[in-house]
Amino acid sequence: MTAPADLQQLAVEIAREAGELARRRRSEGVSIAATKSAVADIVTEADREVEQLIRDRLARARPDDGFLGEESGAERGTSGITWVVDPIDGTVNYAYGIPSYAVSIAAVSGEPDPATWDAVAGAVFNPVSGELFRAARGEGAWLGDERLAVNAEPTAAGALLATGFGYDPTTHAGDLARVARVMPLARDLRRIGAASLDFAFVATGRLDGYFEPGLQPWDHAAGALLVEEAGGRVWREGGTAVRRLFVAAGPGLFDRLWRAASGAE
Ligand code: LIP
């Protein structure tokens, strides 16, 4: 089995190239290729082009690996490693020109099932800020040469939290009820619009915690590893939940945030 550090290096190299393509295409103007689950759920031509670049680079470097991408679907491999890819996470931000979007690439081992896989390496790259967050299982999470650490405890002012909402308007009432349950813990709330960056910001200590229902495997595969390798905890709702809830935070906040966000209180 390839060392996590080697998989991380490949993810970093490809994320950089893919991110530069996304940034270049944005500067040339965005064209919406299609809508997906709801009118608000868009995919741009750049999403498709960037994912194809990532898929081609991975196939050339590791032809026996599997692939699971937001735009081009899944292909099983034979190596025990599957690459889980969101070519442009934060697509709506990207379409509007808001500089908060990222290429998210993760290598997972085991079955390509988010309920059971083990993320072993990942990279999250924001080509506008130039920040590339990376992690390899057991080797920490990093931003450049800076080793990342979650905030162990929020300050006395309360927790700086982030969340997100689904594209389906019928889910918004429940999402807002969840926010109301969580707000007593918070000093303030951010809605960044790219799950991979939300996770990365928890890993860096820029956020104390993050919670969001309905994330897709490619939204969380790399970001959750960043948080875990930075000393944080990540929970995903199991069972038959349709829009599974994700919660990520440092050890001093996690249990309170999970109880409030999940409604377990
Ligand atoms: C987005 C997530 C974000 C969520 C959005 C959307 P996409 O992913 O990163 O956290 O709130 O609804 O799902 O669609 O931009 O790849």
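Residues numbered from 1 in each chain as written. Predicted model: local features only at pLDDT ≥ 70, side-chain atom pairs only at ≥ 80, totals over all residues. Heavy atoms only, no water.

J.: Can you help me understand the overall build of the protein chain in this one?
T.: What the protein chain contains, in helices and strands, is seven helices and 15 strands. Sorting the 265 residues of the protein chain into buried and exposed places 50% on the buried side. For the protein chain, contacts bridging at least 24 residues in sequence account for 62% of all contacts bridging at least 6. Carbon together with sulfur atoms contributes 50% to the accessible area of the protein chain, which is approximately 11,300 Å² in total. Charged side chains of the protein chain number 27 positive and 38 negative; the gap between the two group centres comes to 2 Å. (Helix = DSSP H or I, 4+ residues; strand = E, 2+ residues; numbered from the N terminus. Buried < 20%, exposed > 50% of the residue type's maximum accessible area, 1.4 Å probe, protein only. Contact = heavy atoms within 4.5 Å. Areas by Shrake-Rupley, 256 points an atom, 1.4 Å probe, with all protein chains shown as cover. Lys, Arg positive; Asp, Glu negative; His and termini not counted. Charge placed at Lys NZ, Arg CZ, Asp CG, Glu CD.)

J.: Is there a simple way to think about the pattern of salt bridges in this case?
T.: If charged atoms from side chains of opposite charge come close, those side chains can pair. Counting across every chain of the model gives 16 salt bridges. For the salt bridge of Arg23 with Glu20, the shortest nitrogen-to-oxygen distance reads 2.6 Å. With a gap of three residues between them, Arg23 and Glu20 both fall in helix H1 (residues 4-28), about one helical turn apart. Exposure remark for Arg23: the relative accessible area of 38% places this residue in the partly exposed category. (Salt bridge = Lys/Arg side-chain N within 4 Å of Asp/Glu carboxyl O.)

J.: In this structure, what is going on with the nonpolar core? I would like to understand it.
T.: Across soluble globular proteins, you tend to see nonpolar side chains buried next to one another. Counting 38 residues, the largest nonpolar core has Phe133, Leu197, Phe199 and Leu226 as the members making the most contacts within it. Elements that contribute at least two residues to this core include exactly strand E6 (102-109), strand E7 (118-126), strand E8 (131-136), strand E9 (141-143), strand E11 (159-163), helix H5 (195-204), helix H6 (217-229) and strand E15 (245-249). Both domain 1 (4-147) and domain 2 (159-262) contribute no fewer than three residues apiece to this core. Setting aside residues up to four positions removed in sequence, Phe199 forms contacts with Tyr210, Leu215, Asp219, His220, Gly223, Ala224, Val227, Val234, Phe246 and Ala248. (Core = buried A, V, L, I, M, F, W, Y, C linked by side-chain atoms within 4.5 Å. Domains from an automatic or database assignment.)

J.: How do you make sense of the sheet that holds E6 when you look at a structure like this?
T.: Strands pair in a sheet through their backbones, by hydrogen bonds, and they do so in one of two ways: parallel or antiparallel. Reading across the sheet, the eight strands line up as E4-E3-E5-E6-E7-E8-E9-E10 and stay open at both edges, with mixed pairing between neighbours. The two strands at the open ends of the sheet, each matched to only one other strand, are strand E4 (73-75) and strand E10 (146-147). Those strands touched by H6 are strand E3 (66-69), strand E5 (81-89), E6, E7, E8 and E9, and its axis lies near 100 degrees from that of E7. (Pairing = 2+ DSSP bridges. Axes fitted to C-alpha atoms, helices over the stretch in contact; angles between N-to-C directions.)

J.: For this particular structure, what's the right way to read the site of the ligand?
T.: Neighbouring the ligand are 16 residues; Asp89, Gly90, Thr91, Ala195 and Glu212 lie closest to it. Within the side chain of Asp89, one N or O atom sits 2.5 Å away from an oxygen atom of the ligand. Between the ligand and the protein, one listed contact pairs an oxygen atom with a backbone N or O atom of Phe165 at 3.2 Å. Protein coverage of the free-state accessible area of the ligand, which is 380 Å², stands at 93%. At the level of elements, E5 and strand E13 (209-213) are the ones that each hand at least two residues to the shell around the ligand. The leading source of residues in the shell around the ligand is E5, at three residues. A class-by-class count of the residues in the shell around the ligand yields six nonpolar, four polar and six charged. Shared between two domains, the shell around the ligand holds at least three residues of each, these being domain 1 (4-147) and domain 2 (159-262). (Near = heavy atom within 4 Å. Polar contact = N/O pair within 3.5 Å; in protein donor to acceptor, adjacent residues only side chain to side chain. Nonpolar A, V, L, I, M, F, W, Y, C, P; charged D, E, K, R; others polar.)

J.: Is there a simple way to explain the sheet that holds strand E12 (residues 186-190) in this structure?
T.: The strand order across the open sheet built from five strands is E12-E11-E13-E15-E14, with neighbouring strands paired in mixed fashion. The two strands at the open ends of the sheet, each matched to only one other strand, are E12 and strand E14 (233-236). Taken over all neighbouring pairs, the strand axes of this sheet differ in orientation by 15 degrees on average, direction set aside. With four bridges joining them, E14 and E15 adopt antiparallel strand pairing. Counterpart to Arg236 in the pairing with E15 is Phe246. The strands touched by H5 are E11, E13, E14 and E15; relative to E13, the strand with the most contacts, the crossing angle is about 155 degrees.

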